[in-house]
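Read off the chains here:
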Amino acid sequence: MVTIKLFGSLRLKTGFKEMQAYASSVSEACALLARATGHDKKEFKNCLFVINGKQGKYSSALAEGDELVLMSPSGGG
Amino acid sequence: MSTKYGGYMGKVLKINVSTREVTEYPWSDEERRLFIGGKSMAAKILGDNLTSQTKPFSAENLLVITTGPLTGTGAPSSSRFNVSTLSPQTKIITSSNCGGNFGYYLKKAGLDGLVIEGRSETPLWLHIRNGEVVFNDAADMWGLKTGPAQKALDERLAAENGKPVKNGKLVIGPAGENQVLYSAIISNERVAGRGGTGAVMGWKNIKAITASGNQQVRVAEPEKMKALNKKWFKYLRSHPLTGDQLPRLGTAGLVSTMQMNGQLSTKNYNYGRYDDFELVNGETLAEKYNIVNKGCLTCPIKCARTVEVDGKPVKGPELETLGLLGGGILNNDLEAILKWNYELDELGMDTISTASTLAYAMEAREKGLWDNGLAFGETEDISKIWEDIAYRRGIGDELANGSRWLAEKYGGKEFAINAKGLELAAYEPRRAVGLGLGYAVSNRGGCHLNGGYMILLEGLSMNVDPQTPHGKPDMTVMFQDLMEMVSAAGQCLFTTYAFFPPPLISKPHAWYTRAFCKAVPVIGPVLRLLNKFPGMLCFNIPVVFNQSKALKYATGMPMNFGKFFKAGKRSYTLERHINTRFGIRRKDDSLPARLTDVPQIEGDEKTRVPLERMKTVYYHARGWTQDAVPTPRTLKKLGLAGLASYKETCEAFRRGEFQDKPAGRSAGAGKEGA
Ligand code: SF4
């Protein structure tokens, strides 16, 4: 089981915040999110990925207990 | 004095509030061409009038309020105005850019700017109507908070005219009246917050300035301007940052990104991550508290939030406020931040400096340096602290002087998080070292925007290695200069985020985005060449960079990207040239030792700001001496040889007063060496 969290404007667009799921890779997590929200997988694929506080890739593997954060692009202030 | 250029009203007024004398300030077309407007124009005016002996709280100090030529032309996000003065907080010149509608109404009143000198004996409200200045007594408004003061102004204008009068307003609150060193000027809900402009206005006994009128801005090429504006609005609305992230989340949306990157200042910059960030981030603000998105006049971005405090719709907090009054003081109560943000605006105080000064005080107590009763995470009585600061009561009287002053009295300079006396925003620079350089060298003190805002590339929007110093000094120079001129033209700096073509932002894993990010650290020499010879860029950049073309259409001046860029360089160097007069040297372009000497991640030396290394390259790229003084050659190259102070500088160089080497160690030069 991994924890998947979404931040940024995509969270407001999809209404998705967080879930616990079985996923062995970031790509699998993106597919799960696409199914859960009805949004295109590409939108999640274009997020930045952070796994347990460190930057990850679309191809990164996930292990039991990991926290995966997806962030859509952010700008300045 | 009229002008041949479009975009300007052709008139600047000088108002002496001691004698109540109003004259036209001489401002020529040559000066318009060289300094454009806004902060650059204000710097020229301050430079011509302030001497090294001028004190911030003195009749000789000027409060200069300026607009840019794009204001009133229908260009997107262009209703801005600028306030500059000799800052009581930093003791060097400061500029504060503000949205709202005052800039637009000042132009409706027929003016490009106001130069205010002297000190009134009694509280004043200045009303500018179609170029005429009316001096009104403001004794009955003195003491009012900024909301009631603005309401009173509308009521008085309506009573005098028999109907409501559309107007732009500037007011100060009790903090400005009591010369809190970081007090702000408020315009509607927008804030000219930085550098203590409100304290200077308060010292001059000016409670408010209003502007109204029915004049129109003449545009040199109206059809072309209209067509460009149409495309520009469309582009900004389609860009992932200006058309999606900022409208949806405002600047508050950055909290989560900064947290993930280790860039969210936490517990007075001890750490870069705050465990409770999800309770105080932009997503929670949007989902639970935001009622409606608001924006300044003519702005398609609409980055402002509206929230409810005590059943009343008020402006929501920006990222800096969320960061510094959240994790910065270990507070996870978002409702409290909404309330404090409102209270600080009502009192007329800069939230960044207030929050950072409070965090310093909490740490000073924790370390046993100052027994002030404040502690991280203990926030029940904070509203009372704001009032104590604004009215200079009890410990508030000392807190009102800011973190630099406090550290000089109580010690702990290494954790008084300011640069040149101006407190830093909520971005932790040890995990974005280019931003660290920007904070340190910024002309107005610790400001992320005036510092070139490298963090946009170092993790916020792009993925350039945040820990490498390579390429950052040259990139910083370039960004500072472009942002300088965007601001001088009268436009919001947030439009600059759209300089990056949408695919670079929305496709972070694409090969071209990765290639761009990898290239930045190695293209320093190329950028240096462009920085040295901006004239090479004698073209306009279509779609993503409309500012130079817009200036051309609005004013009729010959303008392209290179000229625009060079005007930014001129302005940035001019500000530094003036600050040199007030003693600013390399040693002052510093950061607290916590940020330069203590790695954020224990054992990882890369997670501190290698400041001195970057400064050496930065000064070289700027054409300043290694002691941070612009050389006569650089001044001349940038068209500044006509300044009265140019000759003095040449003579000082001849006498050997300015050496091409550092005059002393920076405060932050400890571990890495000078
Ligand atoms: S982006 Fe925000 S601050 Fe800038 S002009 Fe628009 S609403 Fe105002």
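Keep in mind it's a predicted model, so treat the numbers as computed, not measured.

**Topic: the overall build of chain A**
Secondary structure summary: chain A contains three helices and five strands in total. In sequence order, chain A lays out its α and β elements as β-α-β-α-α-β-β-β. Taken over the C-alpha trace, chain A has a radius of gyration of 11 Å; the compact-globule value for 77 residues is 11 Å, and the two agree within 12%. Projected onto its principal axes, the C-alpha positions of chain A cover 35 × 25 × 20 Å. Pairs at least 24 apart in sequence give 44% of the contacts found in chain A among residues at least 6 apart. Looking at chain A as shown, the accessible area adds up to about 3400 Å², and 49% of this sits on carbon and sulfur atoms.

**What about the overall build of chain B?**
Tallying secondary structure elements over chain B gives 27 helices and 17 strands in all. Compactness check: chain B gives a C-alpha radius of gyration of 23 Å against a globular reference of 26 Å for 674 residues, within 12% of the reference. Overall size of chain B, expressed as C-alpha extent along the three principal axes, is 70 × 60 × 55 Å. Taking all 674 residues of chain B together, 68% fall into the buried category. Here the contacts in chain B between residues at least 6 apart in sequence split such that 71% fall between residues at least 24 apart. Here chain B has roughly 22400 Å² of accessible surface; of this, 52% comes from carbon and sulfur atoms.

**Brief notes about the interface of chain A and chain B**
Listed as interface residues are 24 residues of chain A and, on the opposing side, 35 residues of chain B. Summed over both sides, the interface of chain A with chain B buries roughly 2400 Å², with 55% coming from carbon and sulfur. Among the residues of chain A in contact with chain B, Leu12, Ser74 and Gly77 of chain A are the three that bury the most area, contributing 25% of the side total. Between chain A and chain B we count three salt bridges in total. Close ionic contact of Glu287 of chain B with Lys17 of chain A constitutes a salt bridge, the shortest N to O distance being 3.7 Å. Counting only elements with at least two residues in the side of chain A that touches chain B, the list comes to strand 1 (2-7), helix 1 (9-14), strand 3 (48-51) and strand 5 (67-71) of chain A. Looking at the side of chain A that touches chain B residue by residue, the classes come out as nine nonpolar, nine polar and six charged.

**Here we look at helix 2 (residues 38-49) of chain B**
All names here are of chain B. Taking 1.5 Å per residue as the helical rise, helix 2 with its 12 residues ought to reach 16 Å, and the 17 Å between its terminal C-alpha atoms agrees with that figure. The buried count for helix 2 comes to 10 of 12 residues, which makes it a mostly enclosed element. If you check which residues of helix 2 are buried, you get Gly38, Lys39, Ser40, Met41, Ala42, Ala43, Lys44, Ile45, Leu46 and Gly47.

**Considering the confidence of the model for chain A**
Looking at chain A as a whole, its pLDDT mean stands at 95, while 100% of the residues score no less than 70. When pLDDT is averaged over each helix and strand of chain A, the minimum, 94, is found for strand 4 (residues 54-56) of chain A and the maximum, 98, for strand 1 of chain A.

**Describing the site of the ligand**
All names here are of chain B. Around the ligand sit Ser77, Arg80, Arg190, Gly295, Cys296, Cys299, Ile301, Lys302, Cys303, Cys492 and Phe494, and that is every residue in its neighbourhood. Tallied by class, the residues present in the shell around the ligand amount to six nonpolar, two polar and three charged. Of the domains in this structure, domain 1 (12-212) and domain 3 (250-430) are the two that each give at least three residues to the shell around the ligand.

**Some words on the packing of helix 2 of chain B against helix 23 (residues 561-581) of chain B**
Geometry of a packed helix pair, given as the angle between the helix axes and the separation of the axes. Residue and element names in this part refer to chain B. Running from N to C, helix 2 and helix 23 cross one another at 30°; their axes reach a closest spacing of 9 Å. When the interaxial angle is binned, helix 2 and helix 23 end up roughly parallel. Seen from above, helix 2 lies across helix 23 with left-handed handedness. Residues Lys39, Ser40, Ala43, Lys44, Leu46 and Gly47 of helix 2 touch helix 23, and the partners they reach there are Ser571, Leu574, Glu575, Ile578 and Arg581.

**Here we look at the domain arrangement of chain B**
Many structure descriptions define interface size as the accessible area lost when the parts assemble. All names here are of chain B. Segmentation of chain B into domains returns domain 1 (12-212), domain 2 (227-245 + 432-674) and domain 3 (250-430). Between domain 1 and domain 3, the C-alpha centre-to-centre distance is 26 Å. Tallying the contact residues gives 37 residues for domain 1 and 36 residues for domain 3. Taken over both partners, the interface formed by domain 1 and domain 3 buries close to 2700 Å², and the fraction arising from carbon and sulfur atoms is 51%. Among the residues domain 1 hides against domain 3, the three largest losses belong to Tyr182, Glu189 and Arg194. Together they make up 28% of the total.

**As for the sheet that holds strand 4 (residues 81-86) of chain B**
Whether parallel or antiparallel, the strands of a sheet pair through hydrogen bonds between backbone atoms. Residue and element names in this part refer to chain B. Strand order in the open sheet made by the six strands is 2-1-6-3-4-5, with mixed pairing throughout. One side of each edge strand has no neighbouring strand; the edge strands of this open sheet are strand 2 (21-24) and strand 5 (93-98). Mean inter-strand twist for the sheet, computed between neighbouring axes without regard to direction, equals 15°.

**Comments concerning a positive patch on the surface**
Residues Lys41, Lys42 and Lys45 of chain A together with Lys507 of chain B make up a contiguous surface patch of positive charge. Secondary-structure assignment places Lys41 of chain A in helix 3 (residues 41-45).

**Topic: the nonpolar core**
Residues and elements named next belong to chain B. Formed by 147 residues in total, the largest nonpolar core has its most connected members in Met349, Trp386, Ile389, Leu399, Tyr427 and Tyr453. If we ignore the near neighbours within four places in the chain, the residues touching Ile389 are Val180, Tyr182, Met349, Thr354, Gly396, Leu399 and Ala400. Counting residues in hydrophobic clusters, the runner-up holds 28 residues, among them Phe102, Ala109, Ile128 and Ile185.

**Examining helix 2 (residues 26-37) of chain A**
All names here are of chain A. With 12 residues, helix 2 ought to run about 16 Å at 1.5 Å a step, and its terminal C-alpha atoms sit 16 Å apart, in line with that. Within the span of helix 2, buried status applies to Val26, Ala29, Cys30, Leu33, Ala34 and Thr37. Take helix 2 and look down its axis: the buried residues cluster within an arc of 140°, on one side only. One or two positions beyond helix 2, positive phi appears at Gly38, with a value near 80°.

**Describing the packing of aromatic side chains**
Residue and element names in this part refer to chain B. For the structure shown, the criterion picks out 23 aromatic pairs over all chains. Note on Phe561 and Phe565: the rings are 6.0 Å apart at their centroids and 35° apart in plane angle, and the pair reads as tilted. Taken together, the residues span about one helical turn, with Phe561 and Phe565 both in helix 23 at a distance of four residues. Look at Phe561 and you get buried, because its relative accessible area is 8%. Among the aromatic residues, those joined into a ring-pair cluster are Phe499, Phe545, Phe561, Phe564 and Phe565. Just above the ring of Phe415 sits the side chain of Lys367; from NZ or CZ to the centre is 5.1 Å.

**Focus: the environment of Thr251 of chain B**
With respect to the secondary-structure elements, Thr251 of chain B resides in the loop between helix 8 (240-249) and helix 9 (254-261). Along the backbone, Thr251 of chain B and Lys606 of chain B are 355 residues apart, and their C-alpha atoms lie at a distance of 28 Å. For Thr251 of chain B, the contacting residues outside a window of four places in its chain are Gly76 and Gly77 of chain A together with Leu246, Cys303, Glu318, Leu319 and Phe494 of chain B. At 2.6 Å, the side chain of Thr251 of chain B and the side chain of Glu318 of chain B are in polar contact.

**What about the environment of Glu363 of chain B?**
Residues and elements named next belong to chain B. Within the element layout of this structure, Glu363 appears in helix 13 (residues 351-366). Its relative accessible area of 0% is what places Glu363 among the buried residues. Placed 181 residues apart in sequence, Glu363 and Tyr182 show a C-alpha to C-alpha distance of 20 Å. Of the polar contacts made by the side chain of Glu363, one reaches the side chain of Asn270; its length is 3.2 Å.

**Section: unusual backbone geometry**
Residues and elements named next belong to chain B. With a phi angle near 65°, Tyr269 is a residue other than glycine that sits in the positive phi range. Note on placement: Tyr269 falls in the loop between helix 9 and helix 10 (282-289). Unlike most non-glycine residues, Lys302 shows phi in positive territory, near 50°. Tracing the sequence through the fold places Lys302 in the loop between strand 13 (292-294) and strand 14 (304-309). Classification of Lys302 by relative accessible area gives partly exposed; the value is 36%.

What counts and how
Residues numbered from 1 in each chain as written. Chains lettered and ligands numbered in written order. Predicted model: local features only at pLDDT ≥ 70, side-chain atom pairs only at ≥ 80, totals over all residues. Heavy atoms only, no water. Helix = DSSP H or I, 4+ residues; strand = E, 2+ residues; numbered from the N terminus. Rg over C-alpha atoms; globule rule 2.2 N^0.38 Å. Contact = heavy atoms within 4.5 Å. Areas by Shrake-Rupley, 256 points an atom, 1.4 Å probe, with all protein chains shown as cover. Buried < 20%, exposed > 50% of the residue type's maximum accessible area, 1.4 Å probe, protein only. Buried area = accessible area lost by both parts, 1.4 Å probe. Salt bridge = Lys/Arg side-chain N within 4 Å of Asp/Glu carboxyl O. Nonpolar A, V, L, I, M, F, W, Y, C, P; charged D, E, K, R; others polar. Expected span 1.5 Å × (residues − 1). pLDDT = per-residue confidence, 0-100. Near = heavy atom within 4 Å. Domains from an automatic or database assignment. Axes fitted to C-alpha atoms, helices over the stretch in contact; angles between N-to-C directions. Parallel < 35°, antiparallel > 145°, perpendicular 65-115°, else oblique. Left-handed = near helix turned anticlockwise from the far one by under 90°. Pairing = 2+ DSSP bridges. Patch = residues over 30% accessible without salt bridge, like charges linked within 9 Å, V, L, I, M, F, W, Y side chains within 5 Å. Lys, Arg positive; Asp, Glu negative; His and termini not counted. Charge placed at Lys NZ, Arg CZ, Asp CG, Glu CD. Core = buried A, V, L, I, M, F, W, Y, C linked by side-chain atoms within 4.5 Å. Arc of directions from axis to C-beta. Phe/Tyr/Trp six-rings, centres within 6.5 Å; stacked < 30°, edge-to-face > 60°. Lys NZ or Arg CZ within 6 Å of the ring centre and 35° of its normal. Polar contact = N/O pair within 3.5 Å; in protein donor to acceptor, adjacent residues only side chain to side chain.

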